[in-house]
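Spelled out from the first residue to the last, the chains are:
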Amino acid sequence: MLVADSLVAIGMATLSVGTVQEAGGAQERTFWLRNAGREAVTITQGYTSCGCTTIHYAKGKAVAPGDSTAVTLRFNPQGRGGEFEETGTIVYGPNGKRVALTLTGTCITSEETLLRQFPICVSDGLRLSANRFDLGIMHVGERKERTVVVLHRQEDNRQERITVTFAPDEKAPKGLQHIERKVTTKEKGKKKEITITLDVIVK
């Protein structure tokens, strides 16, 4: 049964730009949406998950049943690094229906950008995106996660994501706490412990 209004992606709703260089400038991919419904639909809005990505579409254009329209996502790698996954969302019809399109890839940054993204130096071969996180106010039974990214300089700047969790229980001291968590990585094949501090107010 055909619905009254429905935009669907033709082909993949996720496209990759592969590996790009920060100095190489913006990269883009075009998606096609087809009106699979029985009535014409109009695109009213488009937005993205990050300011590094823009979305281009025919705003206000009526798409007749069976017809298609192009939507382009454009990713600017300036100041970005590592793997990325950015989403552009199209809003259409009187009820504000949505269809999401995703652009993925890996950005190789300049040395200057890389050092800004990983300001914490652990050793000559390891740098961190951060080594301290503010968890704000937490109550017993609540759980929060933060992700620290480790940059392995001697492994072609490989990035390793490590998740740090905290969940206060009944025995947790109340008030402002500075919780230390040890995370483990490897440097030159040997295990290395890194201390991450979680600042939290336990209620």
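See the structure printed just above.
The structure displayed is predicted, hence computed values, not measured ones.

### Quick word on the pairing of strand β16 (residues 190-202)
Part 1 of the reasoning: The pairing of strand β12 (residues 132-138) with β16 spans six bridges and is classified as parallel. The residue of β16 that forms the bridge with Met-138 is Val-202.
Part 2 of the reasoning: Pairing geometry for strand β15 (residues 175-187) and β16, over 13 bridges, is antiparallel. Bridging from a neighbouring strand, Val-183 pairs with Ile-194 of β16.
Part 3 of the reasoning: In this antiparallel pair of consecutive strands, β15 and β16, the connection spans two residues, and Lys-188 shows a positive phi of 55°.

### Description of the sheet that holds β15
Part 1 of the reasoning: The strand order across the open sheet built from three strands is β12-β16-β15, with neighbouring strands paired in mixed fashion. Lying at the two open borders of the sheet, with one neighbouring strand each, are β12 and β15. The mean inter-strand angle of the sheet, taken between neighbouring strand axes irrespective of direction, is 25°.

### A word on the environment of Leu-15
Part 1 of the reasoning: Relative to the helices and strands, Leu-15 resides in strand β2 (residues 14-21).
Part 2 of the reasoning: For the pair Leu-15 and Cys-107, spaced 92 residues apart in the sequence, the C-alpha separation amounts to 15 Å.
Part 3 of the reasoning: Not counting residues within four places of it along the chain, the set of residues in contact with Leu-15 comprises Arg-29, Thr-30, Phe-31, Thr-102, Leu-103 and Thr-104.

Rules used throughout
Residues numbered from 1 in each chain as written. Predicted model: local features only at pLDDT ≥ 70, side-chain atom pairs only at ≥ 80, totals over all residues. Heavy atoms only, no water. Pairing = 2+ DSSP bridges. Helix = DSSP H or I, 4+ residues; strand = E, 2+ residues; numbered from the N terminus. Axes fitted to C-alpha atoms, helices over the stretch in contact; angles between N-to-C directions. Contact = heavy atoms within 4.5 Å.

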